[in-house]
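Below are the chains, spelled out letter by letter.
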Amino acid sequence: MPQNRKRIDVETKTMAIKLTQETHTMQVKDLYASVQGKAVLKGVNLTIKSGEVHALMGPNGSGKSTLSAVILGHPSYTIESGDILFNGDSILQWTPEQRAKAGLFLAFQYPVEVPGVSVANFLRTAYNESRPKERQLSVMKFNALLEQEMKTLHMPPAMAERYLNDGFSGGEKKRGEILQMAILSPKIALMDETDSGLDVDALRIVADGCAQLVKKSRLGVLLVTHYPRILHYLKPDHVHLFVDGKIVQSGGMDLAEQVEKTGYGSLEKTGAKAMSTKAKPNTTPTPPHREACL
Amino acid sequence: MENVQLKQKLSGEYQFGFHDDIDNVFEFKKGLNEKVVRQISKIKKEPEWMLQKRLEALNIFYSKPMPKWGADLGHIDFDDIIYYASATKKQYGNWDDVPQKLKDTFEKLGIPEAERKFLAGVGSQYDSEVIYHKLREDLEKQGVVFLDMDSGLREHEDIVRKYFGSVIPSGDNKFAALNTAVWSGGSFLYVPKGVHVEVPLQAYFRINTKNMGQFERTLIIAEPGSSVHYQEGCSAPVYTTDALHSAVVEIIALEGSRVQYTTIQNWSNDVYNLVTKRAKAYKDATMFWLDGNIGSRVTMKYPAVLLMEPGARGEVVSVAIAGKGQHQDAGAKIFHLAPNTSSLITSKSISKDGGRTTYRGKVYVAPYAFNVKCNVECDALILDEQSASDTVPYMEIQNDDVSISHEASVSKLDSEKLFYLQSRGLSEQKAKAMLVQGFIEPFVKQLPMEYAVELNRLVDMEMEGSVG
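Residues numbered from 1 in each chain as written. Chains lettered and ligands numbered in written order. Predicted model: local features only at pLDDT ≥ 70, side-chain atom pairs only at ≥ 80, totals over all residues. Heavy atoms only, no water.

K.L.:
Run through the overall build of chain B, naming residues and quoting values.
P.N.:
Counting its regular elements, chain B contains 13 helices and 21 strands. By the burial criterion, 63% of the 468 residues in chain B qualify as buried. When contacts within chain B are restricted to residue pairs at least 6 apart in sequence, those whose partners lie at least 24 apart make up 84%. (Helix = DSSP H or I, 4+ residues; strand = E, 2+ residues; numbered from the N terminus. Buried < 20%, exposed > 50% of the residue type's maximum accessible area, 1.4 Å probe, protein only. Contact = heavy atoms within 4.5 Å.)

In structure tokens:
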């Protein structure tokens, strides 16, 4: 019998290893970035792991969107210092498509319109580009997959043949981003104000779609938003308050609730206080950002 | 999905740069004179009136100066061109009778088997002579005539005599005169009253004799209430000296007919492609030119529609891609010569690697042509700093009762769009190719499936060469 027991132990161990392998980590380390000489990220620290939902909240103009664009490698921004790691490797030198292929995804706040390129054609190309030949899908098979995902997101099938985001309503564009995310099945997704411009029903569909991915494929999510509304549908494990280019306070759902009650104004103060209590010697003092508050 | 063979062919140097060593049965010496013209006519056993037309055109050719308003034609040496060549003496009505060597050539050009079956007839011009011509039986039963132009003249002299030069007279321009003097091959297509040709008719052209110009002549007549779609695709082997391709295409679309003429020219990058294409559209007829220019060193081509009678409609949808050392000077001409006529011009051009595109267009509305509608849209995409694009639109409107719009845009590839596509895992070149494909989609969507696939692949390959 002892022999048998040993065998089971080995099996359990292998399974455990498999699970650990499936955990991906995206880490932003003391990141400073600028655009045209103007500092926009001023020391961001953030770690997101598979299956975690992080909410990044902050007033307009605080640099929330910049952070997600920088993580995907937007060419307009210059990294001044710090690092971005994916599973331990620095990705700063990687092109946007390398980052995407590794498993990062950005749901754009303003998805661009690409006339002349159909949703189906675009997504099939993107899907197949990041897969080895034997795992690529034929037109027929891909269309079946697409149809199924569109159904989940309550999108009419005809949308697949429309040109990418061209003439889409705000809500259609946002839903389209979630569709792309569902098809491309990334490891870590940055959702840049995906909730803004959605009505309650659409918000629920989008949040549910996202929650499914977190649950089923252990997607790690950074939800960039300035309305706490979506957080009722997609419960975050961590809430970060982002002011003037950096995270000033982190907490749980209670932090989001506080924002909901009192707005950013009061939190910025506490945030600033919180910062000052654990301020690093090299950080610049946070200037007041009242004009950007709700 | 990736076609490795095509990829190899399309990367860098011109892909169809092979030529086989088929003996030319009637090999003419270089140069142009009256003797050459008489000899061409004699070999073809033409009627006297055609010979006279040729000789008259030769004089017009001599008397006209080289056009200076467009692309640089300074390198054309008319004395360094062979004006007639023939690969085979006889016509082939049956594919089995076509020499294996020529079949191999078509194989290399990648004309798919399925296409041959699908298409009703293939008129392939090999050197100056049409070597293979077959028309499916049901078309014959309908009375459709699809022949090479030489046979057309022999078998339907009365029709040819009536329409030859009626749309583009010899005196129209220097190169139309040259074509009229030395024309050989091309297609003759006659669609009887009320007949709808359901499948596109297709012809492949190719230059295969060193320094040989190709002067094909095409005449299409659509009788009242008929419809037809004619496709022309070109490919030529590479030669170090310049080759000249100077074709004339005349189309007569009679009352209530619809004619579509589709071209994607992909001549090798040493060819001067100077082509005159014009159609007359009569009462309620529609003429549609779909014109793609990818190859050649210099192209000057402005498909034209003369809207002769009320209700006529003319459309020209074109795309031009100019790469290194290329100048695509292309556009459209529409003449509103009757009331209640309408037209649409859509032009898309892409210049890259130092290439140059020019949109040159003319819209004319006659004083008595009331209630005319005309929309012109030309968009240029410039992919790098070395490349250029010009727009030369010309409009002459002789009355007030018209609705005319003209939109023009010049743009570069949008970096936000590129980032968006790249953030989905597309490489920079793939993202660029996709934006270019989107840009020319209004053209591509009009193409038959196999052409569309081919063109999209071509753009993919072209973009591959322009990055990095």
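K.L.:
Would you mind going over helix α3 (residues 48-63) of chain B in detail, with residue names and values included?
P.N.:
Residue and element names in this part refer to chain B. Here α3 is 16 residues long and its end C-alpha atoms lie 23 Å apart, about the 22 Å a rise of 1.5 Å per residue gives. When we look at burial in α3, the residues that qualify are Trp49, Met50, Leu51, Arg54, Leu55, Ala57, Leu58, Ile60 and Phe61. Tucked inside the fold, the buried residues of α3 contact α2 (34-43), α7 (149-155), α8 (157-163) and α9 (174-182). (Expected span 1.5 Å × (residues − 1).)

K.L.:
For the domain arrangement of chain B, give the residues involved together with the corresponding values.
P.N.:
All names here are of chain B. By domain assignment, chain B separates into domain 1 (17-413) and domain 2 (414-468). Facing the 30 residues of domain 1 at the interface are 20 residues of domain 2. Roughly 2,100 Å² is buried in total at the junction of domain 1 and domain 2, and carbon and sulfur atoms are behind 75% of that figure. On the domain 1 side of the contact with domain 2, Ile264, Lys348 and Leu413 bury the most area, a combined 27% of that side's loss. For the pair domain 1 and domain 2, the interface holds zero salt bridges. The tally of links between domain 1 and domain 2 comes to three residue pairs in polar contact (both at pLDDT 80 or more). Within the residue set of the side of domain 1 that touches domain 2, elements represented by two or more residues are β7 (227-235), β10 (258-266), β12 (286-293), β15 (313-322), β17 (342-351) and β19 (372-382). (Domains from an automatic or database assignment. Buried area = accessible area lost by both parts, 1.4 Å probe. Salt bridge = Lys/Arg side-chain N within 4 Å of Asp/Glu carboxyl O. Polar contact = N/O pair within 3.5 Å; in protein donor to acceptor, adjacent residues only side chain to side chain.)

K.L.:
Can you break down the interface of chain A and chain B residue by residue, with the values?
P.N.:
As a measure of interface size, the accessible area lost when the parts come together is often cited. Facing 33 residues of chain A, the contacting portion of chain B comprises 20 residues. Here chain A and chain B share an interface that buries about 2,100 Å² over both sides, 66% of which is from carbon and sulfur atoms. When the area that chain A buries against chain B is broken down by residue, the three leading residues are A:Glu97, A:Phe108 and A:Val112, summing to 22%. For the interface between chain A and chain B, the tally reads one salt bridge. A:Glu177 serves as the salt-bridge partner of B:Arg424, at 2.6 Å between the closest nitrogen and oxygen. Summed over the shared surface of chain A and chain B, the number is ten residue pairs in polar contact (both at pLDDT 80 or more). When contributions to the side of chain A that touches chain B are tallied by element, the ones reaching two or more residues are α3 (96-102), β6 (104-107), β7 (114-118), α4 (119-129), β8 (163-164) and α6 (170-184) of chain A.

K.L.:
Please give an account of the pattern of salt bridges that cites residues and values.
P.N.:
Here the structure, examined in full by the defined rule, presents 22 salt bridges over all chains. Residue A:Lys42 pairs with A:Asp244 through a salt bridge whose shortest N-O separation is 2.8 Å. On the criterion of sequence distance, the pair formed by A:Lys42 in strand β2 (residues 38-49) and A:Asp244 in the loop between β11 (238-243) and β12 (246-251) is long-range, its members being 202 residues apart. The burial state of A:Lys42 is the same as that of A:Asp244; both residues are buried. Three or more residues joined by partner-sharing salt bridges are found here, namely B:Glu232, B:Lys277, B:Asp291 and B:Lys301.

K.L.:
Which residues make up the pairing of strand β18 (residues 356-365) of chain B, and what values do they have?
P.N.:
Residues and elements named next belong to chain B. Where burial is concerned, most of β18 is hidden: eight out of the ten residues are buried. Where strand β16 (residues 327-336) and β18 come together, ten bridges link them in parallel fashion. When the sheet's bridge partners are listed, Ile334 is paired in β18 with Val363. Of the strand pairs in this sheet, β18 and strand β20 (residues 388-397) are connected by ten bridges, and their pairing is parallel. (Pairing = 2+ DSSP bridges.)

K.L.:
Run through the packing of α4(A) against helix α5 (residues 139-152) of chain A, naming residues and quoting values.
P.N.:
Residues and elements named next belong to chain A. At a closest axis distance of 11 Å, the pairing of α4 and α5 adopts a crossing angle of 105 degrees. Between α4 and α5, the angle falls in the class roughly perpendicular. Of the residues in α5, those touching α4 at Ala120, Leu123, Arg124 and Tyr127 are Val139, Phe142, Asn143, Leu145 and Leu146. Residues that form the contact of α4 with α5 fall into these classes: seven nonpolar, one polar and one charged. (Axes fitted to C-alpha atoms, helices over the stretch in contact; angles between N-to-C directions. Parallel < 35°, antiparallel > 145°, perpendicular 65-115°, else oblique. Nonpolar A, V, L, I, M, F, W, Y, C, P; charged D, E, K, R; others polar.)

K.L.:
Now, about the environment of B:Ser246: what can you tell me, with residues and values included?
P.N.:
Residues and elements named next belong to chain B. Counting through the fold element by element, Ser246 comes out in the loop between β8 (243-245) and β9 (248-253). Considering only alpha carbons, one finds Ser246 and Tyr272, 26 residues apart in sequence, at a separation of 7.9 Å. Those residues within four positions of Ser246 in sequence are excluded, and the remaining contacts are Phe175, Asn179, Gln214, Phe215, Glu216 and Leu274.

K.L.:
A description of the state of the cysteines should follow, citing residues and the corresponding values.
P.N.:
All names here are of chain B. Counted according to the given criterion, the structure contains zero disulfides over all chains. Summary of cysteine pairing: Cys374 is not part of a disulfide, and the nearest cysteine sulfur, belonging to Cys378, is at 11 Å. For Cys374, a relative accessible area of 0% translates into the label buried. (Disulfide = S-S within 2.5 Å.)

K.L.:
Could you give an account of the sheet that holds strand β9 (residues 188-192) of chain A, with specific residues and numbers?
P.N.:
Residues and elements named next belong to chain A. Here six strands make up an open sheet; going across it, the order is β6-β9-β10-β3-β11-β12 and the pairing mixed. One side of each edge strand has no neighbouring strand; the edge strands of this open sheet are β6 and β12. For this sheet the average axis-to-axis angle between neighbouring strands, irrespective of direction, equals 20 degrees. The sheet contact formed by strand β3 (residues 53-57) and β11 spans four bridges and is parallel. Note that in β11 the partner of Ala55 across the bridge is Val239.

K.L.:
Which residues make up the confidence of the model for chain B, and what are the values?
P.N.:
Residue and element names in this part refer to chain B. Chain-level pLDDT for chain B is 82 on average; 77% of the residues reach the 70-or-more range. Per-element confidence in chain B is highest for strand β14 (residues 304-307), whose mean pLDDT is 98, and lowest for helix α5 (residues 113-118), whose mean pLDDT is 38. Counted against residues more than four places away or in other chains, residues 114-133, with its pLDDT under 50, gives 98 contacts. Contacts from residues 204-213, a stretch scored under 50 in pLDDT, to residues over four places away or in other chains number 67 contacts. (pLDDT = per-residue confidence, 0-100.)

K.L.:
So what's going on with the side chain of B:Lys174? Which residues, and what values?
P.N.:
Residues and elements named next belong to chain B. With respect to the helices and strands, Lys174 occurs in helix α9. Here Lys174 is buried and forms no salt bridge, its nearest opposite-charge partner Asp79 lying at an N-O distance of 11 Å. Polar contacts involving the side chain of Lys174 include one to the main-chain carbonyl oxygen of Phe61, which spans 2.7 Å. The residues contacting Lys174, other than those within four sequence positions of it, are Phe61, Tyr62, Lys64, Pro65, Met66, Pro67 and Phe78. (Lys, Arg positive; Asp, Glu negative; His and termini not counted.)

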